[in-house]
Amino acid sequence: MTLDVPLLRSDTPGVANVLHFNNAGAALPPRPVLDAVTSHLAREAAIGGYEAAAEAADRLADVYDAVATLIGARPDEIAVVENATRGWDMAFYAVPFRAGDRVITARAEYLSNYLAFLQLKARVGIEIDVVDSDGSGQIDLAALEHAIGPRTKLIAITHVPGRNGLVNPAADVGRIAARHGILYLLDACQSVGQLAVDVRQIGCHMLSATGRKYLRGPRGTGFLYVRRDTIERLEPPFIDLHAATWTDADTYVVRDDARRFENWERFIAGQIGLGVAARYAMRVGIDAIEARVKALATLLRRELAKRPGVSVHDRGVEQCGIVAFLKDGEAPGKTRDRLRAMNINAHEARLSRLDLPARGSDDAVVRASVHYYNDESEVERFVRAVAG
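Procedures and definitions
- Residues numbered from 1 in each chain as written.
- Predicted model: local features only at pLDDT ≥ 70, side-chain atom pairs only at ≥ 80, totals over all residues.
- Heavy atoms only, no water.
- Buried < 20%, exposed > 50% of the residue type's maximum accessible area, 1.4 Å probe, protein only.
- Helix = DSSP H or I, 4+ residues; strand = E, 2+ residues; numbered from the N terminus.
- Pairing = 2+ DSSP bridges.
- Axes fitted to C-alpha atoms, helices over the stretch in contact; angles between N-to-C directions.
- Contact = heavy atoms within 4.5 Å.

Visitor: I'd like a rundown of the pairing of strand β8 (residues 206-210), residues and numbers included.
Guide: Put simply, side chains in a regular strand alternate between the two faces of the sheet. Taken across its five residues, β8 has five buried, putting it largely inside the fold. Every second residue of β8 is oriented toward a common face, with M206, S208 and T210 on one face and L207 and A209 on the other, all of them buried. With three bridges joining them, strand β7 (residues 183-187) and β8 adopt parallel strand pairing. Residue pairing for β8: D187 is matched across the bridge by S208.

Shown next as structure tokens:
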């Protein structure tokens with residue numbers, strides 16, 4: 001399937017204003033998402049927030065169906081949350097850790113996730129096993145299998161780390177986790193919306209993702225998937241009258257579906273927009289999106305690498321729409337600011353403490369992240385601007 005890029009660009013108002021290569025930060029929303037959010041906010045202003053939510057009950061319910069269909073899950077396995085980090089936290093902190101339990105993660109793990117590991121190491125006494133990368137930069141699968149021991153409680157990795165083009169082999173990790181009967185938590189914040197993600201094929205027990213990045217949904221939205229046979233094994237770290245029912249003075253009953261990980265108050269207009277974004281992505285076609293994004297990123301890497309003084313720093317056997325680079329003699333933040341002055345968006349991505357020994361003295365890179373609505377002329381303009 002070939003995408004009609006001019007048509008998709010016409011459905012993206014922001015491309016008239018900016019060359020946006022910061023889709024791994026927050027993508028430009030398509031017009032249907034923008035309209036869904038703004039029209040609901042207008043309705044809240046007209047009749048009241050609670051009343052507008054009641055009126056939109058069917059659209060709110062559809063979000064669970066839309067997200068579940070997008071990732072190959074069931075609606076009762078989906079929780080709608082404020083962002084990917086909150087979804088990841090609700091899963092991680094629900095695991096019943098005891099002192100001496102071990103968590104396996106990858107060297108390319110997301111910074112916020114590793115801070116959570118450190119907190120539970122200090123609070124509970126868990127141990128953290130960091131699996132090195134292989135020669136390509138992805139998680140070393142043989143080393144992962146070797147790291148598993150009798151106290152291993154959880155494998156937690158990031159599908160697309162977000163600091164370079166790397167895509168970790170999530171399904172291979174899932175097969176290892178299944179073989180050893182270990183819980184598997186996947187951070188899919190950067191992969192949902194740009195790659196085909198199927199939780200059954202991956203084999204994860206839990207998966208977190210956001211709306212604002214490649215899914216092109218609103219900020220302040222995200223979701224958590226928890227496999228049906230895992231839900232009741234995980235006690236939410238906190239509950240309210242949405243997640244549980246107060247049955248009498250001293251007892252309560254927690255919901256038996258993934259919505260036990262939600263709370264009552266949420267960004268209603270954003271939740272509607274998240275559902276619209278998921279359905280929009282499926283209409284465009286996830287396989288076609290993945291092919292287009294990877295092709296544009298490959299072109300961008302190739303053209304940047306041709307420029308004297310520009311070095312590309314992407315890793316991995318499989319690479320995605322994220323491109324990391326440095327310009328000689330210019331700090332990443334300066335490159336970002338110089339591009340921004342030309343209405344070109346990119347991002348300065350900080351490396352984790354785990355990355356630094358392998359990467360040397362550079363503690364950041366410039367991150368350019370393309371999407372299917374970007375085009376080849378923008379790649380050419382971007383490369384010229386980087387080269388100065």
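Moving on, there is more to tell.
Visitor: So what about the sheet that holds strand β16 (residues 347-350)? Which residues, and what values?
Guide: Strand order in the open sheet formed by four strands is β12-β14-β17-β16, with antiparallel pairing between adjacent strands. Looking at which strands have only one partner, the edges of the open sheet turn out to be β12 (310-312) and β16. On average, adjacent strands in this sheet sit at an angle of 45 degrees to one another, irrespective of strand direction. Here four bridges tie strand β14 (residues 322-327) to strand β17 (residues 364-369), and the two strands are oriented antiparallel to one another. Paired with F325 across the bridge in β17 is V366. Here helix α11 (residues 286-306) sits on the sheet in contact with β12, β14 and β17, set at roughly 10 degrees to β14.

Visitor: Describe in detail the pairing of strand β5 (residues 152-158), supporting the description with residues and values.
Guide: Counting buried residues along β5, six of its seven residues qualify, which places the element largely inside the surrounding structure. Sheet analysis places strand β3 (residues 102-106) next to β5, joined by three bridges and oriented parallel. Bridging from a neighbouring strand, I104 pairs with I155 of β5. Pairing between β5 and β7: five bridges, direction parallel. Bridge pairing links L154 to L183 in β7.

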